[in-house]
Amino acid sequence: MVGRLAAAQPGWSVRADVVVVGSGIAGLTAALRLRGLVDKVLVVTKDVLDAGSTQWAQGGIAAALGPGDTPGQHERDTLVAGAGACDREAVRVLVTEGPDAVRELIALGTSFDLHPDGELSLTREGGHHRDRIAHAGGDATGAEIQRALIAAVARAPEIEVVEHALAVDLQLAGDGGVAGVTLHVMGEGRRDGVGAVRCRAVVLASGGLGHVYSQTTNPAVATGDGMALAYRAGAVLQDLEFVQFHPTVMWLGPHSRGQQPLISEAVRGEGAFLVDWEGRPFMQGVHPLADLAPRDVVAKAITRRMMATGHPHMWLDARHLGRSFWTSRFPTILASCRQHGIDPVTELVPVAPACHYASGGVATDVWGRSNVPGLYATGEVACSGVHGANRLASNSLLEGLVFSRRIAEVLPGELRPWTDPVADTREPVLVDGAGRPALQEEMTARAGVLRSAGGLMAALDTLAGISRLAGPTVDQDAWETTNLVTVSTLLAEAALLREETRGSHWREDFPERDDLDQSGHHEWWVENGELRHGFRPAVPTDLSAAGRP
Ligand SMILES: Cc1cc2nc3c(=O)[nH]c(=O)nc-3n(C[C@H](O)[C@H](O)[C@H](O)COP(=O)(O)OP(=O)(O)OC[C@H]3O[C@@H](n4cnc5c(N)ncnc54)[C@H](O)[C@@H]3O)c2cc1C
């Protein structure tokens, strides 16, 4: 799976001190923060600028900004949701630097919703014990943040942006550090086709892996590319088994695939509640926070109820919120429901869990550094350790913001000298894009909300078969499918090794949480062309001390 992949030889080459891969909140924040500190920043993004998950975020961004709230309380809620697998130092960084980071976003031009007195309107979501979620346009927070960031980048001519540029692989120097990025540019410009950017550092901000599964809230670009290409370059990946399934994704029928509409947790934050097919609320007694319990608890409760009753979904009752509240507070969700034939003002909304968020990814320290010299990672592609086994709602936009700011603090002082990449003459052998649906079906059935050793081993067999489906074409679909095979395989292997139930990882054959043996993190890396994996203890802070390659 590892040794035979290599990008095609580049036909053109340009230079930039720093290449930022991805244009969501993490990538654009990094680019804006780095401008002026390095000679040239190049942002490459595989679709248009706003194609990532950031644009779709509904609920908001969490930070201790409200009266009576403190970073300490935000820290406690984050650690509880993370189920004992968070990196405490990373969490502390997140919650203490979060309020300033959000204020900076406001100064940049983001318009969050305000009370009539001009104070931020803050709401509550699952797992939070305080009102601390800043939101915009009611439920269009991500779109507003993405708009403000794109506008800021447009005002910064020193940042170059290339859209429709798929980063396919890193180019490495003789010391194993970053020397460049191979790109596949699909357009009509002077840089079409396969090319290379020679650079001194790469900031990976390429988002998540939602399309490992058949149903996801993620847009089409979320195919785990960044994790797979970092892994091929020798980066350590961590916590891949912790995939968050959002409990309330609109159920569109048994054959619906790809990105599905999300009913934000904020709807439950405002009083909506789950009911079964008899109309009975079922979250009371399951958790002290009932319908506002952490996501894994709610997703499991829904799944259990679906299995017990044989129904393919449960229902969300938000009728009592009323028409005018729905219109002002959740206009996007209201429109989305109506587009699919449901009026949440008068009807129950069918909901079921679907893949939402990758808590794991490229392992970084609290400055966004990976173990590959010159490679930094931020946002959903990274595993900074703030989410542990389960992400607290609305902490992910904040993570991208906070850790991109941090990368910009250290990266300019650590720029590598210009180095020549080591020639790589291997021909790319990519998986045929036709294998993608089978991969997604298998991962959904056997490595989704419910997992067991037998199912995971069967999934690994299926994935091995799909990985042998070499296709004749070297195009975006083939690269993405190849990357999906890589991250799916690592995810399933990590899930198999973790013989316990913790946070978003639920093993039917190991229903208890194992605090004695396996509270640490799985890590995966390639060493001398060989796949290696192992555990390291929870709550590490120093990567060099963690025995990394
Ligand atoms: C429906 C939905 C609702 C959400 N609601 C919330 C919320 O309310 N609050 C919250 O905190 N979080 C929320 N999240 C999660 C949050 O939106 C994401 O975790 C966050 O936006 C990730 O930001 P990012 O910058 O890391 O990645 P993204 O915004 O996903 O951006 C990734 C970028 O990388 C590009 N890219 C990917 N691969 C390549 C490649 N190979 N080459 C070049 N470019 C590439 C993509 O095109 C994109 O520009 C939600 C997510 C979804 C899907």
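1. Looking at the overall build of the protein chain
Logical step 1: Across its full length, the protein chain holds 13 helices and 23 strands.
Logical step 2: Against the globule reference of 24 Å for 549 residues, the protein chain gives a C-alpha radius of gyration of 22 Å, in line with a compact fold.
Logical step 3: For the protein chain, the spread of C-alpha atoms along the three principal axes comes to 65 × 55 × 45 Å.
Logical step 4: Expressed as a percentage of the 549 residues in the protein chain, the buried residues total 56%.
Logical step 5: Taking as baseline every contact in the protein chain between residues at least 6 positions apart, the subset at least 24 positions apart corresponds to 74%.

2. Observations concerning the sheet that holds strand S8 (residues 165-172)
Logical step 1: Strand order across the open sheet formed by four strands is S1-S10-S9-S8, with mixed pairing between neighbours. Looking at which strands have only one partner, the edges of the open sheet turn out to be strand S1 (12-15) and S8. Across the sheet, the mean angle from the axis of one strand to that of its neighbour is 25 degrees, orientation sign disregarded.
Logical step 2: Sheet analysis places strand S9 (residues 178-185) next to strand S10 (residues 193-198), joined by six bridges and oriented antiparallel. Its bridge partner lying in S10, valine 185 is registered against glycine 193.

3. Focus: the environment of methionine 186
Logical step 1: Summarising the element assignment, methionine 186 is placed in the loop between S9 and S10.
Logical step 2: In sequence terms methionine 186 and arginine 369 are 183 residues apart; their C-alpha atoms lie 30 Å from each other.
Logical step 3: Not counting the four nearest positions on each side in its chain, methionine 186 is found in contact with His164 and Gln476.

4. Comments concerning the confidence of the model for the protein chain
Logical step 1: Scored by pLDDT, the protein chain has a mean of 90; 91% of the residues are at 70 or more.
Logical step 2: Low pLDDT (under 50) marks residues 537-549, which in the prediction has 22 contacts with non-local residues, meaning those over four places away or in another chain.

5. Comments concerning the site of the ligand
Logical step 1: Neighbouring the ligand are 42 residues; Gly22, Gly24, Gly52, Gly207 and Gly379 lie closest to it.
Logical step 2: Contributing elements (two or more residues each) for the shell around the ligand: helix H1 (25-34), helix H4 (141-154), S8, helix H5 (225-232) and helix H10 (395-414).
Logical step 3: Broken down by class, the residue content of the shell around the ligand amounts to 15 nonpolar, 23 polar and four charged.

6. Re the sheet that holds strand S20 (residues 375-377)
Logical step 1: Spatially, five strands are ordered S7-S3-S2-S11-S20 in an open sheet, and the strand pairing comes out parallel. Looking at which strands have only one partner, the edges of the open sheet turn out to be strand S7 (159-162) and S20. For this sheet, the mean angle separating the axes of adjacent strands, direction not counted, is 20 degrees.
Logical step 2: Sheet topology note: the strand S11 (residues 201-204)/S20 ladder contains three bridges and is parallel. Opposite leucine 204, over in S20, you have alanine 377 as the bridge partner.

7. Quick look at unusual backbone geometry
Logical step 1: Although it is not a glycine, alanine 83 sits at a positive phi angle of roughly 55 degrees.
Logical step 2: Examined against the element boundaries, alanine 83 turns out to sit in the loop between helix H2 (71-81) and helix H3 (88-107).
Logical step 3: Of the residues examined, alanine 83 has 21 C-beta atoms within 10 Å and is grouped as buried.
Logical step 4: Phi is positive for alanine 290, close to 50 degrees, though the residue is something other than glycine.
Logical step 5: Looking at the element boundaries, alanine 290 is found in the loop between strand S16 (273-275) and helix H7 (295-309).
Logical step 6: Using a count of 19 C-beta atoms within 10 Å as the deciding quantity, one classes alanine 290 as partly exposed.

8. Looking at the environment of histidine 211
Logical step 1: By the element assignment, histidine 211 lies in the loop between S11 and strand S12 (215-216).
Logical step 2: Note on histidine 211: 28 C-beta atoms within 10 Å, which makes it buried.
Logical step 3: Contacts of histidine 211, omitting those with residues within four sequence positions, involve Thr216, Asn218, Ala220, Ala222, Thr223, Gln440 and Leu484.

9. Notes on the pairing of strand S18 (residues 349-358)
A regular strand places its side chains on the two faces of the sheet in alternate fashion.
Logical step 1: By the criterion of burial, S18 is predominantly enclosed, with ten of the ten residues buried.
Logical step 2: Pairing geometry for strand S14 (residues 243-250) and S18, over six bridges, is antiparallel. Considered in S18, the bridge of glutamine 244 is made with tyrosine 357.
Logical step 3: Sheet topology note: the strand S17 (residues 314-317)/S18 ladder contains three bridges and is antiparallel. Directly across from methionine 314, in S18, lies its bridge partner valine 351.

About the thresholds
- Residues numbered from 1 in each chain as written.
- Predicted model: local features only at pLDDT ≥ 70, side-chain atom pairs only at ≥ 80, totals over all residues.
- Helix = DSSP H or I, 4+ residues; strand = E, 2+ residues; numbered from the N terminus.
- Rg over C-alpha atoms; globule rule 2.2 N^0.38 Å.
- Buried ≥ 20, exposed ≤ 12 C-beta atoms within 10 Å, placed from the backbone.
- Contact = placed C-beta atoms within 7 Å.
- Pairing = 2+ DSSP bridges.
- Axes fitted to C-alpha atoms, helices over the stretch in contact; angles between N-to-C directions.
- pLDDT = per-residue confidence, 0-100.
- Near = placed C-beta within 6 Å.
- Nonpolar A, V, L, I, M, F, W, Y, C, P; charged D, E, K, R; others polar.

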